[in-house]
Amino acid sequence: MSCTCQIARRPLTIAAISGTVSDMSISDPLGPQFSPAWKLWLLAALLGGASCTGRGEAEQTTTGLAARDVARVEAPTYVTAPPGDSRLFVVEQVGRVRVIREGRLLPQPFLDITDQVRSGGEEGLLSIAFHPRYRTNGFFYVNYTDRRGDCRIERYRVGDDRDRADRGSAKLILHVDQPYANHKGGLAMFGPDRMLYVGMGDGGSGGDPHGNGQDRSTLLGDLLRIDVDHGDPYSIPTDNPFVGRPGMRGEIWAWGLRNPWRFSFDRTTGLLYIADVGQNRWEEVHVAPASRAGLNYGWNLWEGNHRYQKDGGDPEVVRPALEYSHGEGCSITGGFVYRGRAIPALTGHYLYADHCASWLRSFRYRDGQVTERREWRVRGVTRVRSFGEDAAGELYVCTEDDRVMKLVPGAAERGAPTR
């Protein structure tokens, strides 16, 4: 870490420093867990405050981040909204989609398919995607784990009541066999090109025992891209990278993924962000132009920037834009690049969390580099299951304690550095 520290002539409390006094050792008062550069920052802060500049260091923020309760539902896994719609749609893992209208959680679900869903662990109803022309065609798509444990993408249509779906309109779009109960991926989302993207895990277990991550003859371990406006039930876009290649699935847009939880598209730049859950040691975020096809993200040959399989050749793989070790978390939860208006300090930052930690972190991606990394202190936010985004670009978190919370401006504070 490269850091230039400046002593500031202002008071600073111990609470404003990343790390805890209880972790410090007697022989080394700053503790062995901190690097020499990190200790320099802490000592400068104790003497009167410090500000650091440079790639990956802390920066002074003028606005903090807070979270406001929106609703309490059963095991929320996703929040989204149709284009131009003021309502929120909250996915419950058990198999329901709930509607929040004008700040009130409606008592009747928008959709209830609990009798079709196997829920628990990493299985359940995991996402909903509204068609870009939802206002005129009423189509939306759900990604869930069926009673056999397999992945299903189904299309539905809204009913006569705009707050209720027509369950009888169900149409199967895609079915993918799953060998294990974990690594479902679970997100379906329309991209800026109006194609439907589906994130698929490697099939589960541990270490990718079937080698699905590097196998382009299977839909597991891949980011899929399909055209749901043409064909029955879909067509494969002709510009997908493996169309017509013998032994390869044309639906694949990118491959080499372990469990993408989750991916998103930046509304402004068109960049694709993929948070891929690691195996034993490393969590990672990939960033690439949404139009760049055929990228191999490396699993199970690589875990982050580190070799996982000693054998298996050395194909060209895309290294992550960011990684962090299991000393800081254990299972990444990917979010969105903030493009709302309520929190100017967060604009352009990609926000992410970890299911085993209570932090929220963010970074900007500029000129192919991760910059302005921050750790945000958000009271009440613990163990984030998933993020969500409304039609205006404001962000939400779904927490393990069944809360849906909206991120809002908080009190001014110093953003904590991340390592």
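Residues numbered from 1 in each chain as written. Predicted model: local features only at pLDDT ≥ 70, side-chain atom pairs only at ≥ 80, totals over all residues. Heavy atoms only, no water.

Asker: It is not clear to me how the pattern of salt bridges should be interpreted in this structure. Could you clarify?
Answerer: Oppositely charged side chains may form a pair once their charged atoms are brought near each other. All told, the structure shown has 26 salt bridges when counted by the stated rule. For Arg87, the salt bridge goes to Asp85, with nearest N and O atoms at 2.7 Å. Accessibility assignment for this pair places Arg87 and Asp85 in one class, buried. Across the salt bridge formed by Arg225 and Asp239, the nearest N and O atoms sit 2.8 Å from each other. Here Asp239 lies in the loop between strand E15 (222-226) and strand E16 (252-255) and Arg225 lies in strand E15, a separation of 14 residues in the sequence. What makes Arg225 buried here is its relative accessible area of 4%. The class of Asp239 is partly exposed, set by a relative accessible area of 48%. (Salt bridge = Lys/Arg side-chain N within 4 Å of Asp/Glu carboxyl O. Buried < 20%, exposed > 50% of the residue type's maximum accessible area, 1.4 Å probe, protein only. Helix = DSSP H or I, 4+ residues; strand = E, 2+ residues; numbered from the N terminus.)

Asker: Which parts of the structure should I look at to understand the sheet that holds strand E19 (residues 282-289)?
Answerer: Strand order in the open sheet formed by four strands is E17-E18-E19-E23, and the pairing between neighbours is antiparallel. Each of the sheet's edge strands pairs with one partner strand only, and the pair in question is strand E17 (260-265) and strand E23 (322-325). In this sheet, neighbouring strand axes are inclined to one another by 10 degrees on average, regardless of whether the strands run parallel or antiparallel. Relative to E23, E19 runs antiparallel, the two sharing four bridges. (Pairing = 2+ DSSP bridges. Axes fitted to C-alpha atoms, helices over the stretch in contact; angles between N-to-C directions.)

Asker: Can you help me understand the layout of surface pockets in this one?
Answerer: The probe, sized like a water molecule, is rolled over the atoms to show the empty space still left. The calculated volume of the largest pocket comes to roughly 610 Å³. Of all the secondary-structure elements, those providing two or more residues to the lining of the largest pocket are strand E4 (76-80), strand E9 (125-130) and strand E13 (188-190). Looking at the lining of the largest pocket, its residues break down into 15 nonpolar, three polar and five charged. The volume enclosed by the second largest pocket comes to roughly 400 Å³. Lining the second largest pocket are 18 residues, with Gly121, Glu122, Trp261, Ser331 and His355 sitting closest to its centre. Classifying every residue of the lining of the second largest pocket gives four nonpolar, nine polar and five charged. (1 Å grid on protein atoms, 1.4 Å probe; cavity = no way out; pocket = protein on both sides within 12 Å on 5 of 7 lines; lining within 4 Å. Points joined across faces, edges and corners; volume = space filled by probe spheres on them. Nonpolar A, V, L, I, M, F, W, Y, C, P; charged D, E, K, R; others polar.)

Asker: Would you take a moment to explain empty space enclosed by the protein for this structure?
Answerer: Enumeration according to the criterion identifies one cavity of 30 Å³ or more in this entry. Space inside the largest cavity adds up to approximately 40 Å³. Surrounding the largest cavity, Tyr78, Leu187, Arg262, Phe263, Ser264, Gly334, Gly335, Phe336, Ser386 and Phe387 form its lining. Only E17, strand E24 (332-337) and strand E28 (384-389) provide two or more residues apiece to the lining of the largest cavity. Partitioning the lining of the largest cavity into residue classes produces five nonpolar, four polar and one charged.

Asker: What am I meant to see in the state of the cysteines here?
Answerer: Here is the idea: a disulfide is a covalent bond, and it sits between the sulfur atoms of two cysteines. Considering all chains together, one arrives at one disulfide under this definition. A sulfur-sulfur separation of 1.7 Å characterises the disulfide bridge that pairs Cys330 with Cys356. With Cys330 in the loop between E23 and E24 and Cys356 in the loop between strand E25 (350-354) and strand E26 (360-366), this residue pair connects regions lying 26 residues apart in the sequence. Cys330 gets classed as partly exposed once you look at its relative accessible area, which sits at 28%. (Disulfide = S-S within 2.5 Å.)

Asker: So what exactly am I meant to see when it comes to the confidence of the model for the chain here?
Answerer: Low pLDDT means the predicted coordinates in that region are not meant to be read closely. Mean pLDDT for the chain: 87, with 83% of residues reaching 70 or above. Every residue in residues 1-62 is under pLDDT 50, and counting partners more than four places away or in other chains gives 95 contacts. (pLDDT = per-residue confidence, 0-100. Contact = heavy atoms within 4.5 Å.)

Asker: Is there a simple way to think about the environment of His210 in this case?
Answerer: By secondary structure assignment, the location of His210 is in the loop between strand E14 (196-199) and E15. Of the residues examined, His210 reaches a relative accessible area of 48% and is grouped as partly exposed. With residues near it in sequence (within four places) discarded, His210 still touches Pro179 and Tyr180.

Asker: How should the pairing of E4 be read in this particular structure?
Answerer: For a regular strand, the rule is simple: side chains alternate between the two faces of the sheet. Within E4, five of the five residues are buried, which leaves the element mostly enclosed by the surrounding structure. Note that E4 and strand E5 (residues 88-92) share four bridges and pair antiparallel. Bridge pairing in E5 links Tyr78 to Val91.

Asker: I tried to follow the packing of aromatic side chains on my own but got confused; where do I start?
Answerer: Following the criterion strictly, the structure yields 21 aromatic pairs and no others. Both rings, one in Tyr273 and one in Phe363, keep their centres 6.3 Å apart while their planes meet at 40 degrees; by these two values the pair is tilted. Taken together, the positions of Tyr273 in strand E18 (residues 271-276) and Phe363 in strand E26 put the pair 90 residues apart, joining distant regions of the chain. The burial state of Tyr273 is the same as that of Phe363; both residues are buried. (Phe/Tyr/Trp six-rings, centres within 6.5 Å; stacked < 30°, edge-to-face > 60°.)

Asker: What am I meant to see in the sheet that holds strand E10 (residues 139-145) here?
Answerer: The strands making up a sheet are joined through hydrogen bonds of the backbone, oriented either antiparallel or parallel. The antiparallel open sheet is built from four strands, whose spatial order is E9-E10-E11-E12. Because the sheet does not close on itself, it has two edges, and the strands there are E9 and strand E12 (165-176). Across the sheet, the mean angle separating the axes of adjacent strands is 25 degrees when strand polarity is ignored. Here E9 pairs with E10 via five bridges, running antiparallel. Residue pairing for E10: Phe130 is matched across the bridge by Phe140.

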